[in-house]
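# Tertiary structure, described
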Amino acid sequence: MVQAPVAMDQFAILEERLKTVTRVMTSKAPIAQTPKELVWTLNKAKLYRYVPAVPEKDRHRVPLLLIFALMNRPQIFDLRPGHSFVEYLVGQGYDVYLLDWGVPGPEDKDLKFDDYTLEYMPRAIRKIKVLSGVEEVSVLGWCIGAILTTIYAALRPDDGLRNLILLTAPLDFSQKEKLTFGRMTDEKYFDVDKVLATFGNMPPEMIDYGAKALKPVENYIGNYLKLWDNLDNPQIVENWHAMNTWVRDNIPMAGGAFRQLIVDLYRNNRLMTGELVIRGERVDLSQLQANLLTVIAEGDHITPPCQSETILAKVGSRDKEVYRVHGGHIGIMAGNAAHKRTWPHIDQWLASRSN
Amino acid sequence: MSEAEAEATKQPDPTETFREMRDAYLEIWSKNLIETVNSEGYAKASGAALDGFLAVAAPFKEPTDKAMLTMLQQLNMPTSEDFIGLAGRFTNVELLLDNLDAKLDRIEKLLALEKPAASAEAKAPKAARKTTQTKQTSLRAGGTSKRTTIAKPVRRNARKVR
């Protein structure tokens, strides 16, 4: 008789927990909430300018452009209020822009790195210069966004690029034994042309599978156990919800760019060997003159540190620095410790070079 | 309540041991699976699975695409190829508009540079004005030769304009 209310309590708690799990797994969290305005478009690409939060006299002079990878949405830069890199930067007085590549359709299957680096990026940067009234710009590229910014910086050193920040940049593909993706996409086992002939663009489900398969237990089991174990902690639940919303929202990668990633980079390492040709121009990394900060995630299983370390010896920049952070590919920027370690370091480095 | 008191009054969690065991088991499992995924055998197997899928998907895709194309053409409706072509044209128009935007921005910038010079010229004494004028003329001749021709009235054949 006495035990009944206790058992009822347990059922009520369990019911509440199940409700929370259902909510966060079946709904989308409100992400990318920092106020912004659309200032330029080309095809599917959109350039946004974040509404400044600091008076003009206190702002840094040089604007900052954020560029993310091609197969995920860039909302990871602005995950949720109180936990957003963009919100942090705007608060620190930067004039922040974001280049969103958009979702490629079947008509974009031939888009290549050539188009992204020599058509879209220079035009977006020109627009930023006009809007900000400053002839210089800083660019931050993350993952494949870092490949694109590196190519652009090497091909257009006189375009006013003052500071270049690379986050978990997969640039060096020489140590093949450390690259799981490299093994999976080896020409012996993976026929990239056949895949693209069937699909046009690289389907998001295949990219998602490839990324999650690198750590199957963590991604398919551990992630959900982490949620279950922390259901009593609203902050962890809301973070998980926001991250899950972003992770599930994958987009296809333009076929031409995917072929270049596999053939030119993963298989032949052409960027580091100086053999990569973009619209007839050879990409010579020694031409890259901008101040360079490369951020390496020590526990990165997608882009192991060996892929980002060697660029420093190749570039022509005189001001260059490597910053190593404990964490994974996404965790260093969107994890719980990002606002204590990675963000302040980037701000500190950039602030002294942005006036 | 101090931290020590809170710790003392904290009820023991009966699932704690189970969780620890579970996490230890998952860690071992994770390490083994990561090694498996990193192996040549896994790459070979996933490649074979993909090839199998493509071998099944490709023969269906081609006839479906052809049938759809024929059907849409017979119904006099636009096909996906038409939309792809249209999208390409839109992008080209956008590129041209962006080029025009860039040119307008350049012109605006040049005009903004000329304005302060013109106002300074109006304020300057007569002797100084002469030198300013010479400088500006030489600048125009060297920098914006195209605009000099626009300033002159150009005779146009009325018929041609029509």
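In what follows, the structure referred to is the one given above.
Residues numbered from 1 in each chain as written. Chains lettered and ligands numbered in written order. Predicted model: local features only at pLDDT ≥ 70, side-chain atom pairs only at ≥ 80, totals over all residues. Heavy atoms only, no water.

### So, the overall build of chain A
Spelled out, the test is: Helix numbering and strand numbering both begin at the N terminus, where a helix is a DSSP run of H or I of at least 4 residues and a strand a DSSP run of E of at least 2. Computation of the radius of gyration draws on C-alpha atoms, with the globule rule given as 2.2 Å multiplied by the number of residues to the power 0.38. When checking whether two residues touch, look at their non-hydrogen atoms; a contact exists if any pair is within 4.5 Å. Surface exposure here means Shrake-Rupley accessible area, sampled with a 1.4 Å probe, where a residue is shielded only by the protein chains that are shown.
Of the regular secondary structure elements, chain A holds 15 helices and 10 strands. Computed over C-alpha atoms, the radius of gyration of chain A comes to 21 Å, within 12% of the 20 Å expected from 2.2 N^0.38 for 355 residues, which places it in the range of a compact globule. Viewed in the frame of its principal axes, chain A has a C-alpha envelope of about 85 × 60 × 35 Å. When contacts within chain A are restricted to residue pairs at least 6 apart in sequence, long-range pairs at least 24 apart make up 80% of them. Just so you have it, chain A exposes about 14800 Å², and 53% of that area is on carbon and sulfur atoms.

### What to know about the pattern of salt bridges
The following threshold applies: In the sections that follow, a salt bridge refers to a side-chain nitrogen of Lys or Arg positioned within 4 Å of a carboxyl oxygen of Asp or Glu.
Overall, the coordinates contain 33 salt bridges over all chains when judged by the stated rule. Salt bridges sharing partners connect three or more residues here, namely D115, E119, R123, R126, K127 and R279 of chain A together with D98, D101 and D105 of chain B.

### So, the side chain of R22 of chain B
All names here are of chain B. The criterion, for reference: Three labels apply to residues, based on accessible area from a 1.4 Å probe with only protein chains included: buried if under 20% of the type maximum, exposed if over 50%, partly exposed otherwise in between. Each polar contact in these results corresponds to two N or O atoms within 3.5 Å; when the atoms are within protein, one needs to be able to donate a hydrogen and the other to accept it, and residues that are neighboring in sequence are counted only if both atoms are side-chain atoms.
Structurally, R22 can be placed in helix α2 (residues 16-37). On the accessibility criterion, R22 (15% relative accessible area) is buried. Within the local environment of R22, its side chain forms a polar contact with the side chain of D23, the two groups lying 3.1 Å apart.

### Re the interface of chain A and chain B
The line we're drawing: Two parts lose some accessible area (1.4 Å probe) when they are put together, and adding that loss for both gives the buried area. Gly is placed with the polar residues, together with every amino acid not listed as nonpolar (Ala, Val, Leu, Ile, Met, Phe, Trp, Tyr, Cys and Pro) or charged (Asp, Glu, Lys and Arg).
Taken residue by residue, the interface counts 34 residues in chain A and 31 residues in chain B. Regarding the contact of chain A and chain B, the summed buried area is about 3000 Å², with carbon and sulfur atoms giving 58% of it. Taken together, the links from chain A to chain B amount to 11 salt bridges. The tally of links from chain A across to chain B stands at 14 residue pairs in polar contact (both at pLDDT 80 or more). The set of elements that each furnish at least two residues to the side of chain A that touches chain B consists of β1 (36-42), α3 (113-132), α5 (180-184), α6 (192-199), α7 (204-213) and α8 (216-229) of chain A. Per-element accounting of the side of chain A that touches chain B gives the leading share, six residues, to α8 of chain A. Of the residues contributing to the side of chain A that touches chain B, the split by class is 18 nonpolar, four polar and 12 charged.

### Remarks on helix α3 (residues 40-74) of chain B
Threshold: By this rule, a helix spans an expected 1.5 Å times one less than how many residues it contains. Two axes enter the bend calculation: one fitted to the seven residues ending at the residue in question, the other to the seven starting there, and the bend is the angle between them.
Between its first and last C-alpha atoms α3 of chain B spans 50 Å; for 35 residues at 1.5 Å apiece the expected length is 51 Å, and the two agree. Of all the bends in α3 of chain B, the greatest reaches close to 25° and is centred on A57 of chain B; the proline P59 of chain B follows between one and four positions later. Residues of α3 of chain B that are buried include every one of Y42, A43, G47, L50, L54 and L72 of chain B, and no others. Considering only its buried residues, α3 of chain B is in contact with α5, α6 and α7 of chain A together with α2 of chain B. Looking one or two residues beyond α3 of chain B, the residue adopting positive phi is N76 of chain B, at roughly 60°.

### What to know about the packing of α3 of chain A against helix α10 (residues 255-267) of chain A
Residue and element names in this part refer to chain A. What counts is decided by this rule: Axes, fitted as lines to C-alpha atoms, cover a helix only where it is in contact. Angles between the N-to-C directions of the axes lie from 0 to 180 degrees. If an angle is under 35 degrees, it is roughly parallel; if it is over 145, roughly antiparallel; if it lies from 65 to 115, roughly perpendicular; otherwise it is oblique.
For the pair α3 and α10, the least separation of the axes is 8 Å and the interaxial angle reads 110°. Of the possible angle classes, the one that applies to α3 and α10 is roughly perpendicular. For the pair α3 and α10, contact is made by F113, D114 and Y116 and by A257, Q260, L261 and L265, respectively. In terms of residue class, the contact of α3 with α10 is built from five nonpolar, one polar and one charged.

### Side note on the packing of α3 of chain A against helix α4 (residues 144-155) of chain A
Residue and element names in this part refer to chain A. At their nearest, the axes of α3 and α4 sit 10 Å apart, and the two run at 75° to each other. Looking at the two axes, α3 sits roughly perpendicular to α4. Across the interface between the two elements, F113, Y116, T117, L118, M121, P122 and I125 of α3 pack against I144, I147, L148, T149, I151, Y152 and L155 of α4. Taken together, the residues of the contact of α3 with α4 sort by class into 12 nonpolar, two polar and no charged.

### Some details on the nonpolar core
Residues and elements named next belong to chain A. Which entries qualify depends on this criterion: Residue types Ala, Val, Leu, Ile, Met, Phe, Trp, Tyr and Cys, when buried and joined through side-chain atoms within 4.5 Å, form a set referred to as a nonpolar core.
If you look at the biggest cluster of nonpolar residues, it comprises 114 residues, and the most contacted ones within it are L66, L99, F113, I144 and M253. Here this core takes nine residues from α4, the largest share from any one element. Setting aside anything within four residues of it in sequence, one finds F113 in contact with L70, L118, I144, I147, L148, I151, A257, Q260, L261, L265 and I278. Core analysis: the next-biggest nonpolar cluster, separate from the first, contains six residues, V24, L227, V237 and W240 among them.

Remember, this is a structural readout, not a statement about activity or role.
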